[in-house]
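The lines below spell out each chain.
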Amino acid sequence: MAAWDLTVTVEDLGPDAPPLQISVTSDLHIGGVILKLVEQTNLKRDWSDHALWWEQKQQWLLRTGWTLDKCGVHADARLIFTPQHKPLRLGLPNGATLKMRACFSSPVFRTVMGICRVLNLRHPEELSLLRPVEEKKKKKDKDSSEELYDLTDVPLTAGSVQALYNGMPAHFADSPKTEAVYKMLSVSLPSPAPEAIAKLYRPASIVDKTHIHTRWLDSSRSLMQQGIQENDKLGLRFKYYTFHDMDPKYDAVRLTQLYEQARWAILLEDIDCTEEEMMLFGALQYHIGKQSLSQDMVSSCQGMDDLESALKSLEVKMVGDGNSTDMLDNMTAPELNDHLKIFRPKRLTLKGYKQYWCKFQETSISYYKSKEDRYGEPIQQLNLKGCEVAPDVNVAGQKFCIKLLIPAPEGMNEIYLRCENEKQYSQWMAACKLASKGLTLLDSSYQSEVQNIQTFLSMQRSSSAAPTSQTDESINTHSLVSPRYQKKYKPKQLTPRILEAYQNIAQLSLTSAILKFLQIWQALPDFGISYFMVRFKGSRKDEVLGIANNRLIRIDLGVGDVVKTWRYSNMRQWNVNWDIRQVAIEFDGNINIAFGCVNADCKVVHEYIGGYIFMSTRARQQSDTLNEELSEHKTATHREKKNIPEATNGGN
């Protein structure tokens, strides 16, 4: 074969060095090219991490056994010989910036796995990388003053199990500098100043929320392929809201960073909450801040035995994970029977709540005009399977309502149930939540769900024993609530309210307080929903698609109301037409939907749906081996059809 010259830029020779010309033939393999390059540089160093990057094609030449001809490389190719691992600035959920080495040649999914191994974050499949919000640079010195926690000298470990030293991974115990980094990762940082919160990006509408999720990187392509350069800044965030096998003994970093992500979602109004809930969130932040100053997550092991119930509610479970169905089939499901007030809002009507006798059986509510009529035909039977359940509660005002959005052929029917007291509300709310997932009152989680709701309500209750005039000069209340409440109340008005809520949680340990914060966050109606702007097939207007861990939600863009909900448990298959960038999904009952994405690549939506469905099949025994399978699933971007396994039932 005729020899020809190949031009290769070797980064290690410096930015001003001319490209090297090496004489090659088309049947020379990539490994042979690298060997010739190394010999020509005359530099003695470890070249094992270097590889060839093809600039025009935006791809790595990693198969060293392939020939230049097989790779399609000709004389006009511009190749760069560069390290595969480069420094990257990572913005963490707690707002800190970490500088560390990351793999620029692997798919992003594997790169995140490597990052999480160094940071001691288990279950890296729940996290991913996203581009930061583009900020208008008013002052050039801002970026230069950014504090960086440097981990570039820490090697990327290959094993999944970390060796521990003094409660932390061994590579963090090497020096005081790395120990300080681990403390930053595993202990909650102090509350920021209100001025700092005010400067950060806040979504002003649901349209703004759709832009957040357009920034996720493609999990199946490398950083270099997506235009990420050395020392660029990316955000590391929890992408999938299914937190598997959470254990405070091993998950100090994971628990703290998840708390920080939840905390900032509330402070920056990414997720809505009531005023009472905000005061409780503020009190928990205050308590966690105080506890974090005196102890760290590694030494906070007191009360671990009491956390099992909290952990069960923290982990977002999917239906069908080990219920003994044979035994349940032979038992009669218990019922709830009581007087409730029901309100069905309709346009152009002023009718209010009306009292009925209600019976909750299996997954349905039947209501009658009176208790005496309960043996006859009900006025209506409401099947709650697949419905949306949201609280409408004001503890101080003794308002205990349950908002239901029940699927119907024409959309979603809105119904409100009003309960008399906390006990009745806790029982019926827990029953509605379970029924929405297709579970009955027989399910083992019913009593713990009732208990969690009652505990949450008791935390919002005013403590008559607590002195209302109590003050604390050290509490910076405007750092504990979102800007909406900063504008609404002065610090002297917020302080007694937050301290009053604090009386109910002051006895919690640091770990228990963080778990409680996450549990209440997960109970918010809008928890875990990622929004995308889409246009449904046959529609002339843009709408919003919400993707949760167990369902898809169609939302009216004008008023923000839920139009329709589809559960993954009813999904038969989905496919993507990559030519017209359209996602098509088929559900049980011959229900078909199709949509195109307006402001995001449909690959992002495809990944979200596939990721959630696959994660619902995770089991504790499989947790160490599923990562690779999930990577293969995510990188199969052009698989046109995906059949949904039987185990993929939705959770809350």
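Only a predicted model underlies this, so the values are computations on that prediction, with no experimental measurement involved.

Colleague: Explain the overall build of the protein chain to me, please; I cannot follow it from the model alone.
Modeller: Looking only at helices and strands, the protein chain features 18 helices and 27 strands. Expressed as a percentage of its 652 residues, the buried residues of the protein chain come to 52%. Partitioning the contacts of the protein chain with sequence separation of at least 6, the portion at a separation of at least 24 is 65%. When the accessible surface of the protein chain is summed, it comes to about 31,100 Å², and 47% of that surface belongs to carbon and sulfur atoms.

Colleague: Even after reading the chapter, I still don't get the pattern of salt bridges, so can you show me in this structure?
Modeller: When the charged atoms of two side chains with opposite charge come close together, those side chains can pair. Scanning the entire structure with this criterion turns up 25 salt bridges. With a shortest N-O distance of 2.9 Å, Asp251 and Arg122 are connected by a salt bridge. Placement of the pair is Asp251 in the loop between β12 (233-238) and α8 (252-267) and Arg122 in the loop between α3 (108-119) and β8 (127-130), with a sequence separation of 129 residues. The partner of Glu607 in a salt bridge is Lys603, with the nearest N and O atoms 3.3 Å apart. Taken together, the positions of Glu607 and Lys603, both in helix α17 (residues 602-615) and four residues apart, correspond to about one turn of that helix. In this structure Lys603 comes out as buried when scored by relative accessible area, which is 6%.

Colleague: Help me out: how do you make sense of the confidence of the model for the protein chain in this one?
Modeller: In low-pLDDT segments, the atomic positions of the prediction should not be examined closely. Residues at a pLDDT of 70 or more form 82% of the protein chain, whose mean pLDDT is 83. Scored below 50 in pLDDT, residues 137-144 makes one contact in the model with residues more than four places away or belonging to other chains.

Colleague: Would you mind showing me how to read the nonpolar core here?
Modeller: For soluble globular proteins, the rule of thumb is that nonpolar side chains tend to be buried together. Ranked by internal contacts, the top residues of the largest apolar core, which has 113 residues, are Leu119 and Trp521. Those residues in contact with Leu119, other than ones at most four positions away along the chain, are Leu92, Leu98, Met100, Leu151, Phe172, Leu185, Leu236 and Val253. In terms of nonpolar packing, the next biggest core, distinct from the first, is built from 35 residues, Phe360, Val389, Tyr425 and Leu434 among them.

Colleague: What exactly am I supposed to notice about the packing of aromatic side chains here?
Modeller: In this description, an aromatic ring pair is defined by two values, namely the gap between the centres and the angle between the planes. Here the structure, examined in full by the defined rule, presents 24 aromatic pairs. By way of ring pairs, the aromatic residues Phe238, Tyr241, Phe243, Trp521 and Phe527 are connected into one cluster. The residue whose ring lies beneath Arg45 is Trp47, and the NZ or CZ to ring-centre distance is 5.6 Å.

Colleague: Can you help me understand the sheet that holds strand β9 (residues 148-150) in this one?
Modeller: The five strands are arranged β8-β12-β6-β7-β9 in an open sheet whose pairing can be described as mixed. Pairing within the sheet leaves two strands with one partner each, and these edge strands are β8 and β9. Across the sheet, the axes of successive neighbouring strands diverge by a mean angle of 40°, strand direction being ignored. Sheet strands in contact with helix α5 (residues 176-186) are β7 (97-103) and β9, and its direction is about 125° off that of β9.

Colleague: Is there a simple way to explain helix α12 (residues 422-436) in this structure?
Modeller: Every α-helix winds through 3.6 residues per turn, so residues three or four apart in the chain are directed the same way. Its 15 residues give α12 an end-to-end C-alpha distance of 21 Å, which sits within 8% of 21 Å, the value for a rise of 1.5 Å per residue. Across the 15 residues of α12, 13 count as buried, placing the element largely inside the fold. For α12, the capping residue at the N-terminal end is Asn421, with a side-chain oxygen 3.3 Å from the backbone nitrogen of Lys423.

Colleague: Would you take a moment to explain the packing of α12 against helix α13 (residues 446-460) for this structure?
Modeller: To characterise two packed helices, one gives the angle between the axes of the helices and the distance between these axes. For the pair α12 and α13, the least separation of the axes is 9 Å and the interaxial angle reads 130°. Considering their axes alone, α12 and α13 lie oblique with respect to each other. Taken as a pair, α12 and α13 cross one another with a handedness that is right-handed. Facing Glu422, Lys423, Tyr425, Ser426, Gln427, Met429, Ala430, Ala431, Lys433 and Leu434 of α12, the residues of α13 in contact are Tyr446, Glu449, Val450, Ile453, Gln454 and Leu457. A per-class count over the contact of α12 with α13 returns nine nonpolar, three polar and four charged.

About the cut-offs
- Residues numbered from 1 in each chain as written.
- Predicted model: local features only at pLDDT ≥ 70, side-chain atom pairs only at ≥ 80, totals over all residues.
- Heavy atoms only, no water.
- Helix = DSSP H or I, 4+ residues; strand = E, 2+ residues; numbered from the N terminus.
- Buried < 20%, exposed > 50% of the residue type's maximum accessible area, 1.4 Å probe, protein only.
- Contact = heavy atoms within 4.5 Å.
- Areas by Shrake-Rupley, 256 points an atom, 1.4 Å probe, with all protein chains shown as cover.
- Salt bridge = Lys/Arg side-chain N within 4 Å of Asp/Glu carboxyl O.
- pLDDT = per-residue confidence, 0-100.
- Core = buried A, V, L, I, M, F, W, Y, C linked by side-chain atoms within 4.5 Å.
- Phe/Tyr/Trp six-rings, centres within 6.5 Å; stacked < 30°, edge-to-face > 60°.
- Lys NZ or Arg CZ within 6 Å of the ring centre and 35° of its normal.
- Pairing = 2+ DSSP bridges.
- Axes fitted to C-alpha atoms, helices over the stretch in contact; angles between N-to-C directions.
- Expected span 1.5 Å × (residues − 1).
- Polar contact = N/O pair within 3.5 Å; in protein donor to acceptor, adjacent residues only side chain to side chain.
- Parallel < 35°, antiparallel > 145°, perpendicular 65-115°, else oblique.
- Left-handed = near helix turned anticlockwise from the far one by under 90°.
- Nonpolar A, V, L, I, M, F, W, Y, C, P; charged D, E, K, R; others polar.

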